[in-house]
Amino acid sequence: MTLPTSAEGLSEGRRVRSVGIGRAHAKAILLGEHAVVYGAPALALPIPQLAVTASAGWSSRACDGQDDLSYTMTGSASRALVTQASDGLRRLTREFKTLMGVTGGPHLDVILDGAVPHGRGLGSSAASSRAIVLALADLFGRELSEDTVFDLVQTAENMAHGRASGVDAKTVGAPHPLLFQAGRTEPVAIGCDGLFIVADSGVPGSTKEAVELLREGFRRRGGAQESFVGRASELTEAARKALAEGRAEDLGERLTDYHELMRAAGLSTERIDELVGAALKAGSLGAKITGGGLGGCVIAQTRPEDAREVTRQLHEAGAVQTWVVPLKGLDNHAQ
């Protein structure tokens, strides 16, 4: 059923029954953080276990022309976070309506229900934006191309983080790991059967702060940018080949090497380093910070038989929650 683009002709009953649903999921960066903004490649992993669902429906309340949207976020998010997200949602909704030629319309109620923790480098803002865009498209009966969805999500990401690379906006809707470079993506071949354990340090990171810290370091030290980007590119390409060719140990080593690159740039923290150390001590093949840095999560590549012990030691080292992401089956994951 295609719904009208304005309130005209909509009965109260029809509004109440009309609901659009959209879904997306979390992501983790395997390698390529920060360097991807400078044109280097990045490897990104979808986390289908951490999903976000948005529902958008017509409200019976009157629309005053300025505040035509009510937004609710489930869970225990802080008031400041909800306010910030709500401001971004209003901008995203306006962008959607402009792009789709939607004028006027009744008041909208949007509910966002998600399990992706905020500020952890897991793509919560991109996943939320994608789920909302898809919910609005469903509500208004519009078919959106992936490019259009990406452009809308990327608009919201640039608002949230400044200059966003686009890797989050792509991966939160991808069914398989991606290689991302210079705005282009391609699926990554998987030759390994292992799994990744993502561990939440419990401390939010700050992408904007991390980006500025890295830029300041580049400004102070001649050649630092070229060195960082060059090393990141080398490690990411080596990891891609190891993943495709089934060389699990080599993949793990490159992950740990990338953590050292991030740590040397001042982007890790004491707790993150402790979690990386705990994962390696427990038998992980490699471990690193994932995301922008200065907090957030650790990702550890682990053999299935070691997963229990790695998870136990991560929690002992301070992880507040963990998730297991098997490589097997990601190619068959349905959105």
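What follows covers the environment of Gly105. By the element assignment, Gly105 lies in the loop between helix H2 (79-100) and strand S4 (108-114). What makes Gly105 buried here is its relative accessible area of 19%. As a C-alpha pair, Gly105 and Trp58 span 47 residues in sequence and 8.9 Å in three-dimensional space.

This brings us to empty space enclosed by the protein. Rolled over the atoms, a probe as big as a water molecule pinpoints where empty space is left. What the rule picks out here adds up to one cavity of 30 Å³ or more. One number sums up the size of the largest cavity: a volume of about 50 Å³.

Moving on: unusual backbone geometry. Positive phi, normally seen in glycine, also occurs at Ala182, with a value near 50°. Positionally, Ala182 belongs in the loop between strand S5 (178-181) and strand S6 (184-187). Of note in the backbone geometry, Leu294 takes a positive phi value of approximately 65° without being a glycine. Position of Leu294 relative to the elements: it lies in the loop between strand S8 (286-290) and strand S9 (297-302).

This part is about the sheet that holds strand S7 (residues 195-200). The four strands lie next to each other as S8-S9-S7-S10, forming an open sheet whose pairing is antiparallel. Where the open sheet ends on each side, the last strands, each with one partner, are S8 and strand S10 (321-326). On average, each strand axis in the sheet is inclined to that of its neighbour by 20°, with strand direction left out of account. Most of the contacts of helix H8 (residues 248-264) go to S8, to which it runs at about 40°, and overall it touches S7, S8 and S9. Seen against the sheet, helix H10 (residues 307-316) touches S7, S9 and S10 and runs at an angle of roughly 15° to S7.

Here we come to the packing of H8 against helix H9 (residues 270-281). Look at H8 against H9: their axes get within 12 Å of each other, and the N-to-C directions meet at 165°. Of the possible angle classes, the one that applies to H8 and H9 is roughly antiparallel. Between H8 and H9 lies a crossing whose hand is left-handed. Contacts between H8 and H9 involve Thr256, His259 and Arg263 from the first element and Ile272, Asp273, Val276 and Leu280 from the second.

Two descriptors summarise a pair of aromatic rings, namely the distance from one centre to the other and the angle between the planes of the rings. By the definition in use, this model includes four aromatic pairs. With 5.3 Å between their ring centres and 90° between their planes, Trp58 and Phe140 make a pair best called edge-to-face. With Trp58 in strand S2 (residues 42-58) and Phe140 in helix H3 (residues 124-140), this residue pair connects regions lying 82 residues apart in the sequence. Of the residues examined, Phe140 reaches a relative accessible area of 2% and is grouped as buried. One Lys or Arg, Lys170, reaches over the ring of Phe150 and ends 4.6 Å from the middle of that ring.

The subject of this paragraph is the confidence of the model for the chain. Do not read the predicted coordinates in detail wherever pLDDT is low. Model confidence for the chain is summarised by a mean pLDDT of 87, while 87% of its residues fall at 70 or above. pLDDT under 50 marks residues 1-17. Its contacts with residues more than four places away, or in other chains, come to 33 contacts.

Calculation rules
Residues numbered from 1 in each chain as written. Predicted model: local features only at pLDDT ≥ 70, side-chain atom pairs only at ≥ 80, totals over all residues. Heavy atoms only, no water. Helix = DSSP H or I, 4+ residues; strand = E, 2+ residues; numbered from the N terminus. Buried < 20%, exposed > 50% of the residue type's maximum accessible area, 1.4 Å probe, protein only. 1 Å grid on protein atoms, 1.4 Å probe; cavity = no way out; pocket = protein on both sides within 12 Å on 5 of 7 lines; lining within 4 Å. Points joined across faces, edges and corners; volume = space filled by probe spheres on them. Pairing = 2+ DSSP bridges. Axes fitted to C-alpha atoms, helices over the stretch in contact; angles between N-to-C directions. Contact = heavy atoms within 4.5 Å. Parallel < 35°, antiparallel > 145°, perpendicular 65-115°, else oblique. Left-handed = near helix turned anticlockwise from the far one by under 90°. Phe/Tyr/Trp six-rings, centres within 6.5 Å; stacked < 30°, edge-to-face > 60°. Lys NZ or Arg CZ within 6 Å of the ring centre and 35° of its normal. pLDDT = per-residue confidence, 0-100.

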